Amino acid sequence: MGMRAKRGLRHSVTCVLCTSVFAVLCGCAKHDSSPVVVYTALDQSFSEPVLALFEERSGIEVRAVYDTEATKTVGLVNRLLAERDRPRCDVLWNNEVVRTVMLKRRGVLAAYESPSAADIPAAFRDSENYWTGFAARARVLIYNTEQLEAAQVPFSIEELGKPQWRKRVSLAFPMFGTTATHAAALFAYMGDDAAREYFRAMKANGIVIVDGNASSKDAVARGEVPIGFTDTDDAQVALSQGKPVGMHFPDQGEGQMGTLVIPNTVSMIKGCPHPKEARQLIDFLLSREVEELLAKSGSAQMPLRPGIPVPEGNPSLDGIKAMSVDWDAVEARLGASATFLEGLFIR
């Protein structure tokens, strides 16, 4: 089913985006174009308006399959693996990187160099053009402002294993979602032995494991713990609701690792049924206009390119020290790090 019934959603996004290079699509759209099938892991409330706008501008019907909070991207990845020999999907819009890299390694993706990606920093693009990043979140510490002053928040996540933070820090299950990505990135950055010691110290210090990043944010907002790990989008939700919280980007000092920045990624599926339409959708998703739209949405995604407006008070990559990441190395450690952390925190 397409999206032409979703007029209200289209109106809300159309007012944000003005005339752009994609306006030409309106003049040359063919009403007999094939549909484009997209699997997307970004929350439906944020991705659906963007896809509806593409459908309106291009005249191409969009058939979207959305991920659920429960499956945390894994459901769509497993579906793509199951369909590898007979693809049904044209485009994957993932809300993270590591499992996109895994799909590349498993031969599910096709290379495509989009002209819209020319000004996206190389750190957020696959060197062989199997995936391209856009509109990012970052891993942050959220703290309760009624319990801590900003100066009391640790400068580095490595400080959270110290005695003064015993049973005072929340963390989502580190085998799922962006927390799993963060854990694998720490294994790649620190080395396996050092990362294991870090998480053992956190376990010994009584870190509070919760269901997800939103739960970590909620635990801090309610004052159950004074500090927690989460993503910028979840922290921004709490701030917009007037909760007594602050957001801190850790490890920003000289010689520190920086904070992990996790972009959305878009890829074309190898052997997809509608490659022409897939390329058009990818070009649209990688536009500056879409980064602006996602920055202005409730998810407060951060544009990867400079000069794209961000609402006042929303997080921005300007001035943030990002962790230097080899995404292939992170993907290579995802399974082993998840197995170790499951044994440490669950069994």
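Residues numbered from 1 in each chain as written. Predicted model: local features only at pLDDT ≥ 70, side-chain atom pairs only at ≥ 80, totals over all residues. Heavy atoms only, no water.

Participant: Is there a simple way to think about the environment of K243 in this case?
Facilitator: Assignment of secondary structure puts K243 in the loop between α9 (232-240) and β9 (245-248). Separated by 22 residues in the primary sequence, K243 and A221 have C-alpha atoms spaced 6.0 Å apart. Discounting residues that sit within four places of it in the chain, K243 has contacts with A221 and A238. (Helix = DSSP H or I, 4+ residues; strand = E, 2+ residues; numbered from the N terminus. Contact = heavy atoms within 4.5 Å.)

Participant: Just checking my understanding: could you explain the pattern of salt bridges for this structure?
Facilitator: Opposite charge on two side chains permits pairing when their charged atoms draw close. With the rule as written, the count across this model stands at 17 salt bridges. R305 is paired through a salt bridge with D119; the nearest N and O atoms lie 2.9 Å apart. Remark: D119 occurs in the loop between β4 (109-110) and β5 (132-144) and R305 occurs in the loop between α11 (288-296) and α12 (327-345); sequence separation between them is 186 residues. With relative accessibility at 36%, the residue D119 sits in the partly exposed group. Each of D119, R288, E291 and R305 takes part in salt bridges that share partners, so that together they form one network. (Salt bridge = Lys/Arg side-chain N within 4 Å of Asp/Glu carboxyl O. Buried < 20%, exposed > 50% of the residue type's maximum accessible area, 1.4 Å probe, protein only.)

Participant: Mind showing me how you'd approach the nonpolar core here?
Facilitator: Inside soluble globular proteins, nonpolar side chains tend to come together where they are buried. Of all hydrophobic cores here, the largest spans 62 residues; its most connected members are W93 and F134. Here this core gets six residues from one element, more than from any other, and that element is β5. Other than its neighbours up to four places away in sequence, F134 contacts W93, P263, N264, T265, V266, L285, L286, V290, E291, L294 and L304. Ranked by size, the runner-up nonpolar core spans 39 residues in total, among them I157, Y198, W327 and F340. (Core = buried A, V, L, I, M, F, W, Y, C linked by side-chain atoms within 4.5 Å.)

Participant: Explain the packing of aromatic side chains to me, please; I cannot follow it from the model alone.
Facilitator: The relation between two aromatic rings is expressed through the spacing of the ring centres and the mutual angle of the planes. As enumerated under the stated definition, the model contains five aromatic pairs in all. Ring geometry for W93 versus F134: centroids 5.8 Å apart, planes at 45 degrees, classification tilted. Within this pair, whereas W93 is found in strand β3 (residues 91-94), its partner F134 is found in strand β5, the two being separated by 41 residues in sequence. For W93, a relative accessible area of 0% translates into the label buried. Ring geometry for F187 against F199: centres 6.2 Å apart, planes inclined by 20 degrees, an arrangement best described as stacked. Residue F187 is found in helix α6 (residues 177-190), and its partner F199 is found in helix α7 (residues 192-204); the two are separated by twelve residues along the sequence. The same class applies to F187 as to F199, namely buried. Among the aromatic side chains, those forming a connected cluster through ring pairs are F187, Y198, F199 and F340. (Phe/Tyr/Trp six-rings, centres within 6.5 Å; stacked < 30°, edge-to-face > 60°.)

Participant: Would you explain unusual backbone geometry in this entry?
Facilitator: The phi torsion of most residues other than glycine is negative, and most of the peptide bonds are trans. The phi torsion at K167 lies on the positive side, around 55 degrees, for a residue other than glycine. With respect to the secondary-structure elements, K167 resides in the loop between β5 and β6 (169-172). Overall, K167 belongs to the exposed group, its relative accessible area being 55%. Of note, D251 is a non-glycine position whose phi angle comes to about 60 degrees, a positive value. Relative to the elements of secondary structure, D251 occurs in the loop between β9 and β10 (261-269). The exposure class assigned to D251 is buried, which follows from its relative accessible area of 2%.

Participant: How should the confidence of the model for the protein be read in this particular structure?
Facilitator: Any segment with low pLDDT has predicted coordinates that should not be analysed in fine detail. Looking at the protein as a whole, the pLDDT averages 90, with 89% of positions reaching at least 70. This model gives residues 4-31 a pLDDT under 50, and the stretch forms 39 contacts once residues within four places in sequence are excluded. (pLDDT = per-residue confidence, 0-100.)

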